[in-house]
Amino acid sequence: MSTDYSDRNPDLAALYPAHIETLKARHDNALEKSGAGHAVIFSGKAKVAFLDDRSYPFVANPHFVAWAPLVALPLSYIVYTPGEKPVLIYYQPRDYWHSVPGAPDGYWTADMDVRIVHTTDDVAKHLPVDRDNCILIGEIDDEAHAFGIDRVNPTSTLNILQYARGTKTAYELECLRLAARRGAAGHMAAETAFRAGKSEFAIHQVYCETVSQTDNELPYSNIIALNEHGAILHYTDLDREAPADMRSFLIDAGAQVHGYASDITRTYGNGDARFGALIERMETMQLEIVNRVKAGVDYRDLHVDTHRLLSEVLNDVELASGDADTLLATGVTSAFFPHGLGHLLGVQVHDVGGFMENESGTVIDPPSGHPFLRLTRVLEENMVLTIEPGLYVIDLLLDNLHGSPAESHVNWDTVDALRPFGGVRIEDDVRVLADGSENLTRDAFASLQ
Ligand code: GLY
Ligand code: MN
Ligand code: MN
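This structure is a prediction, so every number in the text was calculated from the model and none was measured.

What the chain contains, in helices and strands, is 13 helices and 15 strands. Against the globule reference of 22 Å for 449 residues, the chain gives a C-alpha radius of gyration of 23 Å, in line with a compact fold. Over its C-alpha atoms, taken along the principal directions, the chain stretches across nearly 70 × 50 × 45 Å. With 449 residues in all, the chain has 53% of them scored as buried. Counting contacts in the chain only where the partners sit at least 6 residues apart, residues at least 24 apart contribute 72% of the total. Of the roughly 19100 Å² that the chain leaves accessible, carbon and sulfur atoms contribute 50%.

What follows is the structure in structure tokens.
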């Protein structure tokens, strides 16, 4: 099993040409329906902080990264004209203040007509002359970067491309597998650091060292949460001191390979039998939901099914009592599990297109009462998505149950006992197959045993 993350990875080299053919077909379709002859895709520009001369970390246009694994190449363009090799206008400034991108090198160069430019003015020479026949895709906050192209990010064009991005090419699947492996290695090292009594900050450092990525290269900010912090869904504070009592550890951390993300959560206890039993029960439930993933399943149903299964968990661990209908209707399951079951995953950790019914952009709303669900589509082969149920003590939400019909269904003593542990989330990245799924995350952990 390959763990070669480099541009020389022979598996990626073999798969990339077919990926480019798929992208061409998607853009042919988008251009034809948009009545345009060329797609011009801008990589983006680093933003400068207010009243400062420092840039925020550069985040490349995902439509650019889908063409080529160039996550750190600002002010560059891909120009695609149906029937022609894509042109990559590769911006390599003459700059002695900052490092400049090196010479184009790697598996992706053979399928691109690479044109190196040293000034932004030179970009114009490589753009189609008929700007009115172009569509520009990218974040344009300075007209100079549009080079006279008026049609910028037409919704109908973006809808076609973003709907298509819901299913992954074989090349993308391999990048996602590599990202899962890289993330799983970080998770294993982080668990060891937790068992050694390290602080959140120190665990984070071990994670970054293991995956060999800086904070800015990670696909999202790591959630490294000890004890009660596990109940803060997007906790990113990183306490410098280890707590005296290490009761629990929730880590939601991914890694990136050629722009593709993993998004993995694990929760660990530290000897408390009740919390250990809750983690086991949640893991069984999470795997039960993963088992239901296959083409043709409506993800909204999976989300609601999870609430029903969670009601059984709540009964089993004596956090609540009542049947599924009652615990759903009274809002008990939502108070313990207030986020969506998961989302599409790809070149963005919350990949676009999760609400799209078709390439026209018809929106599929989440089920009523579940506003935070980010994926509402019927599953198709080669979609990659997360399955990430959770159960937390979030007082802001549980307090709302007092004085409502839900109150009598909650065992408040067990809530008090669980509060110091924060919560549990278990998150895997899963590829949809015709009659089942491939679990990228579990395969990755298994490959590292
Ligand atoms: N790490 C963000 C998420 O799980 O969606
Ligand atoms: Mn996550
Ligand atoms: Mn996620």
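Further notes follow.
What follows covers the nonpolar core. Counting 50 residues, the largest nonpolar core has Tyr16, Trp67 and Leu88 as the members making the most contacts within it. In terms of residue count, the dominant contributor to this core is helix α5 (residues 170–195) (eight residues). Look past the residues within four positions of Leu88 in its chain and what remains in contact with it is Phe64, Leu70, Tyr77, Ile78, Trp108, Met112, Asp113, Val114 and Arg115. Counting residues in each nonpolar core, the second largest holds 44 residues, with Leu309, Leu314, Leu385 and Leu398 among its members.

In the structure shown here, the tally under the stated rule is 29 salt bridges. Between Arg165 and Asp351 there is a salt bridge whose closest N-O contact spans 2.8 Å. Placement of the pair is Arg165 in the loop between α4 (155–164) and α5 and Asp351 in the loop between α10 (332–336) and β11 (384–387), with a sequence separation of 186 residues. Linked through salt bridges whose partners overlap, the residues forming this network are Glu174, Arg177, Arg431 and Glu438.

Protein ligation of the manganese ion (ligand 3) involves Asp263 (OD), His343 (NE2), Glu388 (OE) and Glu427 (OE), the donor distances falling in the range 2.0 to 2.1 Å. Donor residues binding the manganese ion (ligand 3) come from one chain and are separated in sequence as D-x79-H-x44-E-x38-E. Between the two metal centres, the manganese ion (ligand 3) and the manganese ion (ligand 2), the spacing is 3.3 Å, with Asp263 acting as a shared donor. Here the residue Asp263 occupies a position in the loop between β9 (260–261) and β10 (264–269), and Glu388 occupies one in the loop between β11 and β12 (390–392), the gap between them amounting to 125 residues. We classify Asp263 as buried; its relative accessible area is 4%.

This brings us to a negative patch on the surface. A cluster of acidic residues, Asp130, Asp132, Asp142, Glu143 and Asp150, forms a negative patch on the protein surface. With respect to the helices and strands, the residue Asp142 is situated in the loop between β5 (134–137) and α4. Here Asp142 falls in the partly exposed class, since its relative accessible area comes to 30%.

With glycine set apart, most residues show a phi of negative sign, and most peptide bonds adopt trans. Backbone geometry places Asn227, a non-glycine residue, at a positive phi of 55 degrees. One can find Asn227 in the loop between β6 (223–226) and β7 (248–253). In the Ramachandran plot, Asn382 falls in the positive-phi region, its phi being about 75 degrees despite a non-glycine side chain. Among the secondary structure elements, Asn382 is positioned in the loop between α10 and β11.

Taken together, the residues surrounding ligand 1 are Tyr220, Asp252, Asp263, His343, His350, Glu388 and Glu427. In this structure, Asp263 approaches ligand 1 through a side-chain N or O atom, which is 3.2 Å from a nitrogen atom. Within the side chain of His343, a nitrogen or oxygen atom sits 3.0 Å from an oxygen atom of ligand 1. Compared with its free state, where it exposes 200 Å², ligand 1 has 91% of that area covered by protein. Under a 2 Å grid-point criterion requiring more than half of the atoms, the pocket assigned to ligand 1 is the second largest pocket.

Taken in spatial order, the five strands line up as β4-β3-β2-β1-β5 in an open sheet, and their pairing is mixed. Every interior strand has two partners, whereas the edge strands, β4 (113–117) and β5, have only one. The sheet shows a mean angle of 20 degrees between the axes of neighbouring strands, direction not considered. Pairing of strand β3 (residues 87–91) with β4 involves five bridges; the strand directions are parallel. Note that in β4 the partner of Val87 across the bridge is Asp113.

The next subject is helix α1 (residues 10–34). Taking 1.5 Å of rise per residue, the 25 residues of α1 would be expected to cover 36 Å, and the 36 Å separating its terminal C-alpha atoms lies within 8% of that figure. Taken as a whole, α1 carries its principal kink of about 35 degrees at Tyr16; the proline Pro17 stands between one and four residues after it. Every buried residue of α1 is listed here: Leu12, Tyr16, His19, Ile20, Leu23, Lys24, Arg26, His27, Ala30, Leu31 and Ser34. Packing partners of the buried residues in α1 comprise β1 (38–42), β2 (77–80), β5, α4, α5 and β9.

The rules behind each value
Residues numbered from 1 in each chain as written. Chains lettered and ligands numbered in written order. Predicted model: local features only at pLDDT ≥ 70, side-chain atom pairs only at ≥ 80, totals over all residues. Heavy atoms only, no water. Helix = DSSP H or I, 4+ residues; strand = E, 2+ residues; numbered from the N terminus. Rg over C-alpha atoms; globule rule 2.2 N^0.38 Å. Buried < 20%, exposed > 50% of the residue type's maximum accessible area, 1.4 Å probe, protein only. Contact = heavy atoms within 4.5 Å. Areas by Shrake-Rupley, 256 points an atom, 1.4 Å probe, with all protein chains shown as cover. Core = buried A, V, L, I, M, F, W, Y, C linked by side-chain atoms within 4.5 Å. Salt bridge = Lys/Arg side-chain N within 4 Å of Asp/Glu carboxyl O. Donors = N, O, S within 2.8 Å, 3.2 Å for Na, K, Ca; no water. Patch = residues over 30% accessible without salt bridge, like charges linked within 9 Å, V, L, I, M, F, W, Y side chains within 5 Å. Lys, Arg positive; Asp, Glu negative; His and termini not counted. Charge placed at Lys NZ, Arg CZ, Asp CG, Glu CD. Near = heavy atom within 4 Å. Polar contact = N/O pair within 3.5 Å; in protein donor to acceptor, adjacent residues only side chain to side chain. 1 Å grid on protein atoms, 1.4 Å probe; cavity = no way out; pocket = protein on both sides within 12 Å on 5 of 7 lines; lining within 4 Å. Sits in = over half its atoms within 2 Å of the grid points. Pairing = 2+ DSSP bridges. Axes fitted to C-alpha atoms, helices over the stretch in contact; angles between N-to-C directions. Expected span 1.5 Å × (residues − 1). Bend = angle between axes of the 7 residues up to and from the residue.

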